[in-house]
Amino acid sequence: MIYIHTFFWLLYFVGYLIVMTPSNIYMWYLTKKGRIKERDKYIQRIIYKWARRMMKAGGAKMEVHGVENIPKDTPVLFTPNHQGMYDVPAMITGMDAPHGLVAKKEALKYPILRTWMKYLHCVFIDRENPRNAVKALNETAENIKNGYSMVIFPEGTRSRSDTVGEFKHGAFKIAQKCGCPIVPVCIDGTYRIMEANGGIKMKPGKFKVTIFEPIDVKSLSKEEFKELPERVRSMIQNQIGK
């Protein structure tokens, strides 16, 4: 069963990228004509379908709680924990709409995928290059100022377990910089689908996503903001397994 789901997942991942190549031309056309809102809706629809079908191909079933906690009148910064590869399709399909992600620079290796990600307002970060990392965080803040909600994984890497690692303070400075709310998100169980099976092998399973109430960064004192990463990390860790 593991190998069957792995085969179909890989087949879908590669096949869909190839089939949807003409969509890149259409997105380029909409951008050239200045029809940005139309382009944004189009790419969100494409990415949503891709992520949903990718989860189905891998046998992943998601349960989502708390969508009503996402503010409707302002862009936000989502700060989920990071258990595994399936966190990305979970964040794309489990929220109110697909949002841009702060992704590792390695994603730039995939030509068609990186084009989609750029149109979705994703930001690529090289954590080993401090100057690039600062630039990426500033770009993320600018996206939020321009009305686009963003997703960043404050751990910086996959935990591959149900233990939440340290939340880096830089992720939260994005919200401080642009004054947007932070929406913590608990991802519980995605690592069991792939990472727990030796890497790329898929094992069908369920996982849960819990969206917490937004945190108004502007209302926090200097000391409260300093403690915010650990506060959010603890919230998420305490939710896992419930």
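Computed from a prediction, not measured in an experiment: that's the story for all the values here.

### Some details on the overall build of the chain
Helices and strands together make up the secondary structure of the chain, namely nine helices and seven strands. A compact globule built from 242 residues would reach a C-alpha radius of gyration of about 18 Å, and the chain, at 18 Å, matches this within 12%. Residues classed as buried in the chain amount to 51% of the 242 residues present. Sequence separation of 24 or more characterises 75% of the internal contacts of the chain that already satisfy a separation of 6 or more. Distance from the positive charge centre (38 side chains) to the negative charge centre (23 side chains) of the chain: 8 Å.

### Here we look at helix α5 (residues 111–119)
Every buried residue belonging to α5 is among L113, W116, M117 and Y119, and all of these are buried. Here the buried residues of α5 occupy an arc of 165° about the axis, which is enough to place them on one side.

### Structural notes on the pairing of strand β2 (residues 77–80)
Side chains L77 and T79 project from β2 onto one buried face, and the interleaved F78 and P80 project onto a second face that is buried too. Taken together, the two bridges between β2 and strand β5 (residues 150–151) define a ladder with parallel strand orientation. Its bridge partner lying in β5, F78 is registered against V151. Bridge count between β2 and strand β6 (residues 182–188): four bridges; the pairing is parallel. Opposite F78, over in β6, you have V183 as the bridge partner.

### As for the packing of helix α3 (residues 36–57) against helix α4 (residues 87–94)
Orientation of α3 relative to α4, taken along the N-to-C sense of each, is 130°, at an axis distance of 9 Å. Comparing their axes, α4 and α3 come out oblique. Crossing handedness for the pair α3 and α4: left-handed. Contacts between α3 and α4 involve I47, Y48, A51, R52, M54 and M55 on the former and, on the latter, P89, A90, I92 and T93. In terms of residue class, the contact of α3 with α4 is made up of eight nonpolar, one polar and one charged.

### Digging into a positive patch on the surface
Judged by side-chain charge, R45, K49, R53 and K56 come together as a positively charged surface patch. Looking at the element boundaries, K49 is found in helix α3. Judged by its relative accessible area of 36%, K49 falls in the partly exposed class.

### Observations concerning a nonpolar patch on the surface
Residues Y26, W28 and Y29 make up a contiguous nonpolar surface patch of about 310 Å² in total accessible area. For Y29, the location among the structural elements is in helix α2 (residues 21–32). Overall, Y29 belongs to the partly exposed group, its relative accessible area being 34%.

### Some remarks on the sheet that holds β5
An order of β1-β7-β6-β2-β5-β3-β4 is seen for the seven strands of this open sheet, with the pairing classed as mixed. Since the sheet does not close on itself, it has two edges, and those belong to β1 (60–65) and β4 (123–125), each with one partner. Across the face of the sheet, helix α6 (residues 130–145) comes into contact with β2, β3 (100–104), β4 and β5 while running at roughly 165° to β4.

Rules of the game
Going along each chain's sequence as written, the residues are numbered from 1 onward. Confidence filtering applies because this is a predicted model: local features only for residues at pLDDT of at least 70, side-chain atom pairs given and counted only at 80 or more, and all residues used for totals across whole chains, interfaces and linings. Think of the side-chain values as coming from all heavy atoms in the structure, minus any hydrogens and water. Put simply, DSSP marks the helices as runs of H or I at least four residues long and the strands as runs of E at least two long, and each gets a number from the N terminus on. It is over C-alpha atoms that the radius of gyration is taken, and the globule rule equals 2.2 Å times the number of residues to the power 0.38. Each residue gets one of three labels from its accessible area relative to the maximum for its type: buried under 20%, exposed over 50%, partly exposed in between, using a 1.4 Å probe on protein chains only. By definition in these notes, contact holds between two residues if any of their heavy atoms fall within 4.5 Å. Note on charges: Lys and Arg go in the positive column, Asp and Glu in the negative column, and His and the chain ends are not counted at all. Taken as the charge centre is NZ of Lys, CZ of Arg, CG of Asp or CD of Glu, depending on the residue. Each C-beta atom gives one direction from the helix axis, and the arc is the one those directions make. For two strands to be treated as a pair, DSSP must find at least two bridges joining them. Axis definition: a line fitted to C-alpha atoms, limited for helices to the stretch in contact. Angles are taken between N-to-C directions and run from 0 to 180 degrees. Throughout this description, any angle smaller than 35 degrees is read as roughly parallel, any larger than 145 degrees as roughly antiparallel, any in the 65 to 115 degree range as roughly perpendicular, and the remainder as oblique. By definition, turning the near helix anticlockwise from the far helix through less than a right angle yields a left-handed crossing, and turning it clockwise yields a right-handed one. Polar here means any residue other than Ala, Val, Leu, Ile, Met, Phe, Trp, Tyr, Cys and Pro, which are nonpolar, and Asp, Glu, Lys and Arg, which are charged; Gly is therefore polar. In this analysis, a patch consists of residues with relative accessible area above 30% that form no salt bridge, clustered at 9 Å for like charges and at 5 Å for the nonpolar side chains Val, Leu, Ile, Met, Phe, Trp and Tyr. Note that accessible areas follow from Shrake-Rupley with a 1.4 Å probe, and for residues the cover is restricted to the protein chains shown. The term salt bridge refers to a pairing of a side-chain nitrogen on Lys or Arg with a carboxyl oxygen on Asp or Glu at a separation within 4 Å.

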